[in-house]
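Residues per chain are reported as follows:
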Amino acid sequence: MRLLLTADLHFRLHWFHWLIEQAPDFDLVCIAGDLLDMFKAETRLEQAREITRLMRELSDLVPVAVCSGNHDNAGRLVSHDRASIYQWFIELGAHPNIITDGSTRKLEN
């Protein structure tokens, strides 16, 4: 399995576009937190909407596993089975090719 692992993208959109370009060469893309940035002019909810769109585009090419980081607090906090998670992450994880906080999925065999 070819895995692309990254973290701390901090709403740098050109880095997300780079991931989308690289995705076809990998079996799984993992993003280990901090998709959003606390210090950008855009609100974190605005950032979350744009990142959600880009993550869905990425996941149309390859499965994506993503966990939240300390910059990813946007919107409503929901108490989940194991830990609290933000609503936008729950919605992101509803996509069949995106694995988020608190969930597991078997890929291939």
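Throughout what follows, the structure given in this document is the object of discussion.

Cut-offs and rules
- Residues numbered from 1 in each chain as written.
- Predicted model: local features only at pLDDT ≥ 70, side-chain atom pairs only at ≥ 80, totals over all residues.
- Heavy atoms only, no water.
- Helix = DSSP H or I, 4+ residues; strand = E, 2+ residues; numbered from the N terminus.
- Rg over C-alpha atoms; globule rule 2.2 N^0.38 Å.
- Buried < 20%, exposed > 50% of the residue type's maximum accessible area, 1.4 Å probe, protein only.
- Contact = heavy atoms within 4.5 Å.
- Areas by Shrake-Rupley, 256 points an atom, 1.4 Å probe, with all protein chains shown as cover.
- Lys, Arg positive; Asp, Glu negative; His and termini not counted.
- Charge placed at Lys NZ, Arg CZ, Asp CG, Glu CD.
- Core = buried A, V, L, I, M, F, W, Y, C linked by side-chain atoms within 4.5 Å.

## Some points on the overall build of the protein
A tally of regular secondary structure across the protein gives three helices and six strands. Reading the protein from its N terminus to its C terminus gives the helix and strand order β-α-β-α-β-β-β-α-β. Radius of gyration (C-alpha) of the protein: 13 Å, near the 13 Å computed for a compact globule of 109 residues. Reported as C-alpha extents along the three principal axes, the dimensions of the protein are approximately 35 × 35 × 20 Å. With 109 residues in all, the protein has 41% of them scored as buried. Sequence-distant contacts, at least 24 apart, represent 66% of the contacts inside the protein between residues at least 6 apart. Looking at the protein as shown, the accessible area adds up to about 6,300 Å², and 50% of this sits on carbon and sulfur atoms. With 11 positive and 16 negative side-chain charges, the protein shows a separation of 4 Å between the mean positions of the two kinds.

## A word on the nonpolar core
In terms of nonpolar packing, the biggest core is built from 26 residues, with Ile 31, Leu 35, Ile 51, Met 55, Leu 58, Val 66 and Trp 88 touching the most fellow members. For this core, the secondary structure elements donating two or more residues are helix 1 (13-22), strand 2 (28-32), helix 2 (44-59), strand 3 (64-67) and helix 3 (87-93). The element best represented in this core is helix 2, accounting for five residues. In contact with Trp 88, not counting residues within four places along its chain, are Leu 36, Ala 48, Ile 51, Thr 52, Asp 72 and Ala 74.

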